[in-house]
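# Commentary on secondary and tertiary structure
So the chains spell out like this:
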Amino acid sequence: MTREEGIIIIGAGPAGTAAAVQLGREGLDPLVLEKGEPGGLVRDANMVENYPGFPRGIPGKELAGLIGEHLERFQIRVAREKVIWLGFREGRFLVKTPDGTRTAGIVILAPGTVPAQDHGVEISGEARVRIRFGLNGITTGASTVIIGAGDAAFDYALNPSSGERVLILGRGKKPRALSLLVDRVKESSRIHYSMNTQVEGIRAGEDGLVLSLKKAAGSEIPGIFRTAVPDEIRAGFVLFATGRKPADGFIARELMEIRGVLEERGRLVPAGDVRGGMCRQVAISAGDGLRAAMMLTRSRRK
Ligand SMILES: Cc1cc2nc3c(=O)[nH]c(=O)nc-3n(C[C@H](O)[C@H](O)[C@H](O)COP(=O)(O)OP(=O)(O)OC[C@H]3O[C@@H](n4cnc5c(N)ncnc54)[C@H](O)[C@@H]3O)c2cc1C
């Protein structure tokens, strides 16, 4: 059976939630489809310090929890379902999840991003169970290698959930992260970093992973990660922080062809990180979601 909805919001991160709450305040009844926990990617942030209203910062996990509470407080309908296909037929959107199909007049697209997996590292089949793209699934006490040199790499490292011993490996000459994050990493005895170091391959070892490296002379690798073989290190887990891309792979090709027209008409409204801009932050996504909702309801007030 196909269920009919007025507005469907895909994603309950900061963008989808800001849109849903504003629509709720307007007396509308959107349905939010969320594949995981409401709150979104910010759950992995160590400490959010640039969201106005939290002068002392707020741990990402706590902010994600509050985002979920915000949806509850406004009694927004949230279905824990993953959108696997989004099409457009006979003037309405078709939204498919493993639980069934719904139609909608308007879709707010706020699914954020997924890791870009073009990291160029050869990973053996058995090693893949210990590869991560976020903090989820890293066990307490683990030794973790984080590949990347930007804000996300350094922020993941600072999060206590990243492991008991952490090594950040970057290909470039120096870190690209905020100097504030780099300074905090330098102060931590738990975290080390080595730049000018390229990971070429990852395979399963006796009790974890073995990474083969190509490193420039002078790259410091702490003892805990070293194996007996030069240019090899070991780790319990490898976390890739090598970039993200819009999570809109579920959009049908037929819809992609008319996407521009639907966006112009305000029927399909992308909000937040999915827009693919360079500036991906909570405040921007929340503002984007709010704006999407206000644009949709503007005409109702006239
Ligand atoms: C390590 C790290 C640290 C960060 N630190 C900061 C910081 O300090 N300050 C800051 O402002 N920002 C920070 N960010 C960025 C911030 O988390 C994002 O910009 C923000 O969460 C984007 O919000 P969004 O709603 O656009 O997308 P997301 O937060 O990604 O939310 C998208 C939601 O959609 C859901 N979804 C995706 N696909 C589907 C589907 N097919 N079906 C149903 N649901 C789906 C997801 O499960 C998710 O809940 C950090 C990010 C990371 C990774």
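All values reported here derive from a predicted model rather than from experimental measurement.

Thresholds, definitions, all that
- Residues numbered from 1 in each chain as written.
- Predicted model: local features only at pLDDT ≥ 70, side-chain atom pairs only at ≥ 80, totals over all residues.
- Core = buried A, V, L, I, M, F, W, Y, C linked by C-beta atoms within 7 Å.
- Buried ≥ 20, exposed ≤ 12 C-beta atoms within 10 Å, placed from the backbone.
- Helix = DSSP H or I, 4+ residues; strand = E, 2+ residues; numbered from the N terminus.
- Contact = placed C-beta atoms within 7 Å.
- Domains from an automatic or database assignment.
- Nonpolar A, V, L, I, M, F, W, Y, C, P; charged D, E, K, R; others polar.
- Near = placed C-beta within 6 Å.
- Pairing = 2+ DSSP bridges.

### Things to note about the nonpolar core
- If you look at the biggest cluster of nonpolar residues, it comprises 45 residues, and the most contacted ones within it are Ile8, Ile9, Ala19, Val107, Ile108, Leu109 and Ala110.
- The element contributing the most residues to this core is helix 1 (residues 14–25), with six residues.
- Ignoring sequence-local partners within four residues, the contact set of Ile8 consists of Pro30, Leu31, Leu33, Val95, Arg102, Ala104 and Val107.
- Counting residues in hydrophobic clusters, the runner-up holds 33 residues, among them Ala177, Leu209, Val238 and Leu239.

### Side note on the domain arrangement of the protein
- Here the protein is described as being made up of domain 1 (2–115 + 245–301) and domain 2 (122–240).
- Between the C-alpha centres of domain 1 and domain 2 the distance comes to 33 Å.
- Contact with domain 1, which involves four residues of that partner, is made by eight residues of domain 2.
- Split into classes, the residues belonging to the side of domain 1 that touches domain 2 amount to two nonpolar, one polar and one charged.

### Topic: the site of the ligand
- Around the ligand, a shell composed of 37 residues is seen, among which Gly11, Gly13, Gly40, Gly112 and Gly272 lie nearest.
- Put simply, the parts of the chain that give the shell around the ligand at least two residues each are helix 1, helix 3 (151–158) and helix 6 (282–297).
- By residue class, the composition of the shell around the ligand is 19 nonpolar, 11 polar and seven charged.
- Here the shell around the ligand spans two domains, since at least three of its residues come from each of domain 1 (2–115 + 245–301) and domain 2 (122–240).

### Some thoughts on the sheet that holds strand 14 (residues 208–215)
- Sheet architecture is open: four strands sit in the order 8-13-14-15, paired in mixed fashion. The strands lining the two open edges of the sheet, one partner per strand, are strand 8 (122–123) and strand 15 (232–235).
- Both strand 13 (residues 197–205) and strand 14 contribute to a ladder of eight bridges, which runs antiparallel. By the bridge assignment, Gly201 is partnered in strand 14 with Ser212.

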